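A structural walkthrough
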Amino acid sequence: MPKRLVEKLRSFIPGNGKKKARHYQRQEIPRDQHNVSRSMISEPAKKVLHRLNKSGYDAYLVGGGVRDILLGGKPKDFDIATNATPEEVHDLFRNSRLIGRRFRIVHVVFGREIIEVTTFRGNARDTNDDLADDEHKTSEHGQLLRDNVYGNQEEDALRRDFTINALYYCIRDFAIIDFANGVQDLNNQQIRLIGDPETRYREDPVRMLRAIRFAAKLDFDIEPETEAPIRELAPLLANIPPARLFDEVLKLFSAGHGEATYNLLQDYDLLAPLFPETARALEAGEPDELILKALRNTDARIAQGKSVTPYFLFAAMLWPALQVEWRRRQDNGDPVQPALHSAIGKVIGRQVQATAIPKRFSGPMKEIWELQMRLPRRQGKRAFGTMSHPRFRAAYDFLLVREAAGEIEPGLGQWWTDFQQADERKQEKMLSELGANGPKKRRRNRKPTRKPPQS
């Protein structure tokens, strides 16, 4: 079977024209020629590797964990690939659970750390039995709908997406096994797909987003053949379920490289499939400075180890679309407040057709937007009421981003900053000054009281 797969990758591959695939040759890099050390691998991952090996199975650290260590970084998680079936892995670890239906994987749980263990996967196209026909299904666009076949290590490597992810570390002899020149691409700082790029993108259009994510995260270039079909095939992302695209958007913008990711999405025409209304608003001339400021702030928070909220990200990404829809409704004669509420419903309704935003995120996002109208209204007890709102802090942060983006005049954000830090006496004084400096109410003209006629 491995020979069949390699021959297929080396043969002519269907596409717009016949392209010959690259030649891949297995390389084994000994310990003295790489920097991966057992000390860089978490104890839970080592326990899983050792137990699988001692039980007679082959098991390797694979993918991002190997890649990130080779680049001098610290992996955030560790994945393991093995020739043991999911059921065999599950039997070895009482602290494990089976995930998935058709192609099962195993999560081995060690407190907060989860080690994901997958069985080597093969390519159903290389088998001729009826089961393979049932397990391998493609759409009319070439997208893989079902591809659930076990294989060996070489098949598992060559069916992965990028060369830099097809790297395996063996804890028995400390060697790195490289099936697709991944180490060379790491040294050259480039993202390269395994196989024919057009075919691989058609099989799974999300690979285009993964190429962008890795390029932004690693500050790598996308290799010319790998980037060539992206703009043409970007519309294929419309065939991906909205729930999956929501997860991919979170991965894109929650890794600490949001601004670079956004710029690459723009460059490769991949923003429109993810945020169609925003893309249309930007094309119509709506500025994106608020988006850029929000992403810079998000990147800074992640760098400081702080959490980020998906609803804040989506509130920023959809803000240009909301502004266009809000103005349109006001131009049609709707009052400001009802126009905002109607625009919010319309923008969210359109967005969920592209990326399914769960209600636990769309609700707070709506509140952030609505609070932008309440924040300027501070007279009397309004400031205290606004500050007690459960989404006040996020709305306040959003206000600061709007000021930094030049969307509104500076001053309001600083007032709210001072108000939060002031004691009760100082707050009362601030409100009093606000009332004194604010517009005075016009007194109604009362009709003069008519005196009764004297008798």
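Everything that follows concerns the structure shown earlier in this document.
Residues numbered from 1 in each chain as written. Predicted model: local features only at pLDDT ≥ 70, side-chain atom pairs only at ≥ 80, totals over all residues. Heavy atoms only, no water.

Scanning the chain from terminus to terminus reveals 23 helices and 14 strands. By residue count, 49% of the 455 residues in the chain fall in the buried class. About 24100 Å² of surface is accessible on the chain, with carbon and sulfur atoms providing 46% of the total. (Helix = DSSP H or I, 4+ residues; strand = E, 2+ residues; numbered from the N terminus. Buried < 20%, exposed > 50% of the residue type's maximum accessible area, 1.4 Å probe, protein only. Areas by Shrake-Rupley, 256 points an atom, 1.4 Å probe, with all protein chains shown as cover.)

Tracing the backbone shows arginine 393 in helix α21 (residues 392-404). For the pair formed by arginine 393 and isoleucine 368, sequence separation is 25 residues and the distance between their alpha carbons is 9.1 Å. Reaching out from arginine 393, the side chain makes a polar contact with the side chain of glutamine 420 at a distance of 3.2 Å. (Polar contact = N/O pair within 3.5 Å; in protein donor to acceptor, adjacent residues only side chain to side chain.)

Here we have eight strands laid out as an open sheet, ordered β3-β12-β11-β4-β5-β8-β7-β6, and mixed in their pairing. Each edge of the open sheet is held by one strand with a lone partner, namely β3 (27-29) and β6 (96-99). When strand polarity is set aside, the average angle formed by the axes of neighbouring strands in this sheet is 30 degrees. Pairing of strand β4 (residues 59-62) with strand β5 (residues 79-82) involves four bridges; the strand directions are antiparallel. The partner of valine 62 across the bridge, within β5, is aspartate 79. (Pairing = 2+ DSSP bridges. Axes fitted to C-alpha atoms, helices over the stretch in contact; angles between N-to-C directions.)

Inspection of the sheet shows β5 paired to strand β8 (residues 113-119) by four bridges, in the parallel sense. Bridge pairing in β8 links aspartate 79 to glutamate 116.

Attention now goes to unusual backbone geometry. At phenylalanine 174, a position not held by glycine, the phi torsion is positive, near 65 degrees. Mapped onto the secondary structure, phenylalanine 174 falls in the loop between β11 (167-169) and β12 (176-178). With phi around 60 degrees, aspartate 269 is a residue other than glycine that occupies positive phi space. Within the element layout of this structure, aspartate 269 appears in the loop between α13 (258-267) and α14 (271-274).

In terms of nonpolar packing, the biggest core is built from 97 residues, with Leu52, Ile191, Phe253, Leu270 and Trp369 touching the most fellow members. Per-element accounting of this core gives the leading share, twelve residues, to helix α17 (residues 310-331). Look past the residues within four positions of tryptophan 369 in its chain and what remains in contact with it is Phe314, Ala315, Leu318, Trp319, Leu322, Leu340, Ile344, Val347, Ile348 and Phe398. Leu375, Ala383, Trp415 and Trp416 belong to the second-largest nonpolar core, a separate cluster that totals 15 residues. (Core = buried A, V, L, I, M, F, W, Y, C linked by side-chain atoms within 4.5 Å. Contact = heavy atoms within 4.5 Å.)

On to the pattern of salt bridges. Enumeration over the complete set of coordinates arrives at 26 salt bridges. In this structure, the salt-bridge partner of aspartate 156 is arginine 160, at a minimum N-O distance of 3.1 Å. The two residues aspartate 156 and arginine 160 agree in class, both being buried. Residues glutamate 289 and arginine 296 are paired through a salt bridge, measuring 3.6 Å at the closest nitrogen-oxygen approach. Take glutamate 289: its relative accessible area is 29%, and that puts it in the partly exposed class. (Salt bridge = Lys/Arg side-chain N within 4 Å of Asp/Glu carboxyl O.)

Where helix α15 (residues 276-283) contacts α17, the two axes come as close as 8 Å, and the packing angle between them is 65 degrees. Crossing hand, α15 versus α17: left-handed. When α15 is examined against α17, the residues Glu277, Thr278, Ala281 and Leu282 are found in contact with a partner set consisting of Met317, Leu318, Pro320, Ala321 and Val324. Its residues assigned to classes, the contact of α15 with α17 shows seven nonpolar, one polar and one charged. (Left-handed = near helix turned anticlockwise from the far one by under 90°. Nonpolar A, V, L, I, M, F, W, Y, C, P; charged D, E, K, R; others polar.)

Below, the discussion takes up helix α2 (residues 43-54). The end-to-end C-alpha distance of α2 is 16 Å, a good match for the 16 Å that twelve residues give at a rise of 1.5 Å each. Every buried residue of α2 is listed here: Pro44, Ala45, Lys46, Val48, Leu49, Leu52 and Asn53. Residues of α2 that are buried sit in contact with β4, β5, α4 (86-92), β7 (105-110) and β8. The first or second residue beyond α2 is glycine 56, which carries a positive phi of 95 degrees. (Expected span 1.5 Å × (residues − 1).)

Our next topic: the environment of tyrosine 150. By the secondary structure assignment, tyrosine 150 is in the loop between β10 (144-147) and α6 (153-158). Classification of tyrosine 150 by relative accessible area gives partly exposed; the value is 40%. Along the chain, tyrosine 150 and threonine 119 lie 31 residues apart, while their C-alpha atoms are 6.9 Å from each other.

Let's shift gears to the pairing of β4. Along β4, one buried face is formed by Ala59 and Leu61 and the opposite face, lined by Tyr60 and Val62, is buried too. Sheet topology note: the β4/β11 ladder contains two bridges and is antiparallel. Counted as the bridge partner of leucine 61 is tyrosine 169 from β11.

A few words on the packing of aromatic side chains. Each pair of aromatic rings is reported with the distance of its centres and the angle of its planes. All chains considered together, the criterion is met by 16 aromatic pairs. Pairwise contacts between aromatic rings join Phe384, Phe392, Tyr396, Trp415, Trp416 and Phe419 into one cluster. Taking NZ or CZ as reference, arginine 213 lies 5.2 Å from the ring centre of phenylalanine 214, over its face. Here arginine 391 stacks its cationic end above the ring of tyrosine 311, 5.6 Å away from the centre of that ring. (Phe/Tyr/Trp six-rings, centres within 6.5 Å; stacked < 30°, edge-to-face > 60°. Lys NZ or Arg CZ within 6 Å of the ring centre and 35° of its normal.)

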